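Tertiary structure, described
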Number of protein chains: 2
Amino acid sequence: MGFFSKDIKTMDDLFVHTLRDIYYAENQIVKALPEMIDKATDQALKEGFERHLQETHVQVERLEEVFKLHGVDVKGVNCPAIDGILEEADEVSGEVDNDQVLDAALIASAQAVEHYEITRYGTLIAWAKQLGRNDCAALLEKNLQEEMKTDKALTSMAQTRVNAAAA
Amino acid sequence: MGFFSKDIKTMDDLFVHTLRDIYYAENQIVKALPEMIDKATDQALKEGFERHLQETHVQVERLEEVFKLHGVDVKGVNCPAIDGILEEADEVSGEVDNDQVLDAALIASAQAVEHYEITRYGTLIAWAKQLGRNDCAALLEKNLQEEMKTDKALTSMAQTRVNAAAA
């Protein structure tokens, strides 16, 4: 959609636009995770990021299924939000000069990513239901549940071990 | 902190950096909300944004109190994440050509902002406690509770009225 055109005229247009936004975001996350895996020192955190990378590939496929169910082209649109969140993650981790503090920073960055996804999936599910697309909502709900589980797992790692090691 | 220097050597450095990140973010939100208030058509949504603007001013003051308690300069650092989230909010709302659909888009954008704040405050509270700064944690907790309450209020407005009006 163009920067200066008003292409979103209906709730359905808004739904498709936001679906393309999260599709772009998930694909950017697939590209960003390998560097986070490399940077992590805590073994469980590294493995958690690896599992989440596999999970994200499946989430991308689920989104492609949602596009197909809804009868629209599978494509992404620029998403300055995820670009900014990932840019900040990269910037902060580049400034940290201690492995344990870096692990704490990586968890915080990953949780910012998770929260972005949680809010977008929450919105998309509500809109899908409003549009009578319970089939799409059910697939999006699976992604949402995985993001929420990942966010909780990151909180648990931070609070049981990583923050104490960093402090 | 510099882009190519490694200035974050301790958990305390990371805490202060992230405090400056959310301080910058809250100040950007203060600047962005008046336009969202202008754009909203639904009266309760407009009033909700107005209340949240007042609340955000108080949150900025609480953050200044946290800086003082912790004995560091009150200042912000660039936060590409919130810049990206607000840029996306502006971009999407500029593409919507229907007042009711715009209200739904504004709620989604505001919830992306709230979720960014929720994740940052959650992290900062955990780190403050780890660093023995329960006084700072208590103030940050007040901001977190307000953001969570705002996020819930936005969900409620969307689900009880705004999404149905848009669809």
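Quick look at the structure, then. (Residues numbered from 1 in each chain as written. Chains lettered and ligands numbered in written order. Predicted model: local features only at pLDDT ≥ 70, side-chain atom pairs only at ≥ 80, totals over all residues. Heavy atoms only, no water.)

Okay, the interface of chain B and chain A next. Each side of the interface is counted separately: chain B has 47 residues, and chain A has 47 residues. Summed over both partners, the interface of chain B with chain A comes to about 4100 Å²; 57% of that surface belongs to carbon and sulfur atoms. Area buried by chain B at its contact with chain A is led by Pro80, Glu88 and Glu95 of chain B, which between them contribute 17% of it. One can count four salt bridges joining chain B with chain A. (Contact = heavy atoms within 4.5 Å. Buried area = accessible area lost by both parts, 1.4 Å probe. Salt bridge = Lys/Arg side-chain N within 4 Å of Asp/Glu carboxyl O.)

The next point concerns the relation of the copies chain B and chain A. Both copies of the chain are related by one operation, a rotation about an axis with a shift along it. At an RMSD of 0.0 Å, chain B and chain A line up after a rotation of 180° and a shift of 0.0 Å along the axis. The transformation just described matches what one would write down for a two-fold rotation axis. In terms of C-alpha distance to the rotation axis, chain B has Gly84 of chain B as its closest residue, with the C-alpha 2.3 Å off the axis. A share of 100% of the interface residues of chain B reappears at the interface of chain A, consistent with the copies meeting face to face through the same patch. (Least-squares fit on C-alpha atoms with pLDDT ≥ 70 in both.)

It is worth spelling out the state of the cysteines at this point. Counted according to the given criterion, the structure contains zero disulfides over all chains. Looking at the unpaired Cys79 of chain B, the closest cysteine sulfur is the one in Cys79 of chain A, lying at 15 Å. (Disulfide = S-S within 2.5 Å.)

What follows deals with the environment of Arg62 of chain A. Residues and elements named next belong to chain A. Here Arg62 lies in helix α2 (residues 43-70). Arg62 sits 34 residues away from Val96 along the chain, and the two C-alpha atoms are 35 Å apart. The residues touching Arg62, leaving out its near neighbours within four places in the chain, are Leu139, Lys142, Asn143 and Glu146. (Helix = DSSP H or I, 4+ residues; strand = E, 2+ residues; numbered from the N terminus.)

Residue and element names in this part refer to chain B. Direction vectors running N to C along helix α2 (residues 43-70) and helix α5 (residues 134-166) enclose 165°, while the axes themselves pass 9 Å from each other. Regarding the angle of α2 to α5, the classification is roughly antiparallel. Between α2 and α5 the crossing geometry is left-handed. Together, Ala44, Leu45, Phe49, His52, Glu55, Gln59, Arg62, Leu63, Glu65, Val66, Leu69 and His70 of α2 and Asp135, Cys136, Leu139, Leu140, Lys142, Asn143, Glu146, Glu147, Thr150, Leu154, Met157 and Arg161 of α5 make up the contact between the two elements. (Axes fitted to C-alpha atoms, helices over the stretch in contact; angles between N-to-C directions. Parallel < 35°, antiparallel > 145°, perpendicular 65-115°, else oblique. Left-handed = near helix turned anticlockwise from the far one by under 90°.)

In this section: helix α3 (residues 80-95) of chain B. Spanning 16 residues, α3 of chain B covers 22 Å between terminal C-alpha atoms, matching the ideal 22 Å at 1.5 Å per step. With respect to burial, α3 of chain B is a largely interior element, 12 of its 16 residues being buried. For α3 of chain B, the full list of buried residues reads Pro80, Ala81, Ile82, Gly84, Ile85, Leu86, Glu88, Ala89, Glu91, Val92, Ser93 and Glu95 of chain B. Those residues of α3 of chain B that are buried are in contact with α1 (11-39), α3 (80-95) and α4 (99-130) of chain A together with α1 (11-39) and α4 (99-130) of chain B. (Expected span 1.5 Å × (residues − 1). Buried < 20%, exposed > 50% of the residue type's maximum accessible area, 1.4 Å probe, protein only.)

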